[in-house]
Amino acid sequence: MATIVPEKLNRLFINVQQLWQVPRLLGSAFPSPHCTVGTSEVPRVFWKPYIHAGYRPLNRTWTYYFLTLFQQHNEAVNVWTHLVATLILLLRFWRLSQTVDFVSDPHAHPLFIIVLASITYLTFSTLAHLLQAKSEFWHYSFFFMDYVGVAIYQYSSALVHYYYTIEPDWHSRIMGFYMPGAVLLAWLSCAGSCYAKYRYHQVPRHLSRLCQEVPLGLAYALDISPVIHRLYTAQPSEQGDPALLYHKCQVLFFLISAFFFSYPYPEKWFPGKCHLFGQGHQIFHVFLVLCTLAQVQAVVLDYESRREIYTSLHGDHTHNFSAMCLFTGACCLLTAAYMTSKVKCKLNCKGQ
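Residues numbered from 1 in each chain as written. Predicted model: local features only at pLDDT ≥ 70, side-chain atom pairs only at ≥ 80, totals over all residues. Heavy atoms only, no water.

## A closer look at the side chain of histidine 275
At step 1: Summarising the element assignment, histidine 275 is placed in the loop between α9 (242-262) and α10 (280-305).
At step 2: A distance of 3.3 Å separates the side chain of histidine 275 from the backbone nitrogen of histidine 52, its partner in a polar contact.
At step 3: If we skip the residues at most four places from it in the chain, histidine 275 touches Tyr50, Ile51, His52, Ala53 and Asn74. (Helix = DSSP H or I, 4+ residues; strand = E, 2+ residues; numbered from the N terminus. Polar contact = N/O pair within 3.5 Å; in protein donor to acceptor, adjacent residues only side chain to side chain. Contact = heavy atoms within 4.5 Å.)

Structure below.
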């Protein structure tokens, strides 16, 4: 009996010592808060205009890059803006599934597609910004995947605007070319973005931007046309429709995001001051998220209030639109896979 008490106290002391080591073990598992490097230590393809620090070192383990989710670096804000938006949309989808029959109601399929496409592009973007620093090959590969997600989202946006938001008058004018045009321009956006990334730093910057931004701009002009027509032709009695307010917001937020996507402000005004926070691409992410959330809410309201209009316009064509979405995704995936093989050959030649 005299030895039992000291033995238990000794075990307790050992357990306390082990618990005391837990913070140190956890600290060693995470990357150092000062683990970033400058442009001189990463290949040129990783460089951002006017951002000279905050890059993560290459060729670390996948665990290392996943754990940088909780560290400061020049991609951290980009990761978190789209990660949080993904979680918000997952919650929104769960709440919608309580009231909308996505399985039995064919007219709910476009709504399902836009929510799923939004979650997809945000997830792909989160992974791209989080993991692209692994190597040059993975940098290209993850951003090609990101462009696939954006293209699918573009098509889905065109679909819901055409299906739920469009007015009969505009529908009669564009029904012959709108959806095929949306498919073509979504693929061109993906292909142009992949090519611009592949040829980045090898061609003049304005040509690279031309390949990426012209298809994106044309796609948006077509996709948003049903919304613009509806806003322009809305009667005074319709101005109180909350869906119109959300549509106005999505257009405004997109235009702001497009500006910050195209121009490196404010880092150009404050060189050396925006390595971690305040980059134009980060502002672009924030406004694109706001655009997507406003768009989804507007489409949900249109789905609920305009059923008589869209059922008379589209009948039983929802399966065709779903098939076109799959076709668009398949074409974009094949394009991204082809460009990835080109990158692999390019890097192999570079290594030799």
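## Overview of the environment of proline 168
At step 1: Considering the arrangement of structural elements, one finds proline 168 in helix α6 (residues 168-174).
At step 2: The partly exposed category is assigned to proline 168, whose relative accessible area is 40%.
At step 3: Setting aside anything within four residues of it in sequence, one finds proline 168 in contact with Ile309 and Leu313. (Buried < 20%, exposed > 50% of the residue type's maximum accessible area, 1.4 Å probe, protein only.)

## What to know about the side chain of histidine 229
At step 1: Looking at where histidine 229 falls in the secondary structure, it is placed in helix α8 (residues 205-233).
At step 2: According to the relative accessible area criterion, histidine 229 is buried, its value standing at 11%.
At step 3: With sequence-adjacent residues up to four places away left out, histidine 229 is seen in contact with Glu167, Asp169 and Trp170.

## Regarding the UniProt feature "binding site: Zn(2+)" (unreviewed entry) in the chain
At step 1: When the UniProt feature table is mapped onto this chain numbering, "binding site: Zn(2+)" (unreviewed entry) sits at His129, His281 and His285. Spanning 157 residues, the annotated positions come together in the fold, the maximum distance between their C-alpha atoms being 11.4 Å.
At step 2: Looking at the secondary structure, you find histidine 281 in helix α10.
At step 3: Setting aside residues up to four positions removed in sequence, histidine 281 forms contacts with Asn78, His129, Phe260 and Phe261.
At step 4: Mapped onto the secondary structure, histidine 285 falls in helix α10.
At step 5: Within the structure, the side chain of histidine 285 is placed 3.4 Å from the side chain of histidine 82, a separation counted as a polar contact. (UniProt positions renumbered as here; feature names shortened; annotations may be inferred.)

## Digging into a nonpolar patch on the surface
At step 1: On the surface, Phe70, Trp80, Val84 and Ile88 cluster together to form a nonpolar patch covering roughly 380 Å² of accessible area.
At step 2: By the secondary structure assignment, tryptophan 80 is in helix α3 (residues 76-97). (Patch = residues over 30% accessible without salt bridge, like charges linked within 9 Å, V, L, I, M, F, W, Y side chains within 5 Å. Areas by Shrake-Rupley, 256 points an atom, 1.4 Å probe, with all protein chains shown as cover. Salt bridge = Lys/Arg side-chain N within 4 Å of Asp/Glu carboxyl O.)

## Concerning the nonpolar core
At step 1: Core analysis: the largest hydrophobic core is formed by 76 residues, its most contacted members being Leu111, Phe144, Tyr155 and Tyr164.
At step 2: Among the elements of the structure, α2 (62-67), α3, α4 (109-131), α5 (136-165), α7 (178-198), α8, α10 and α12 (318-351) are those that each provide at least two residues to this core.
At step 3: If we ignore the near neighbours within four places in the chain, the residues touching tyrosine 164 are His107, Ala108, His109, Pro110, Leu111, Val299, Asp302, Tyr303, Arg306 and Tyr310. (Core = buried A, V, L, I, M, F, W, Y, C linked by side-chain atoms within 4.5 Å.)

## Topic: the UniProt feature "transmembrane region" (unreviewed entry) in the chain
At step 1: Sites flagged by UniProt as "transmembrane region" (unreviewed entry) map to residues 77-96, 108-131, 143-164, 176-198, 244-263, 283-301 and 321-340.
At step 2: For the annotated span residues 77-96, helix accounts for 100% and strand for 0% of the residues, and the straight-line distance between the end C-alpha atoms is 28 Å.

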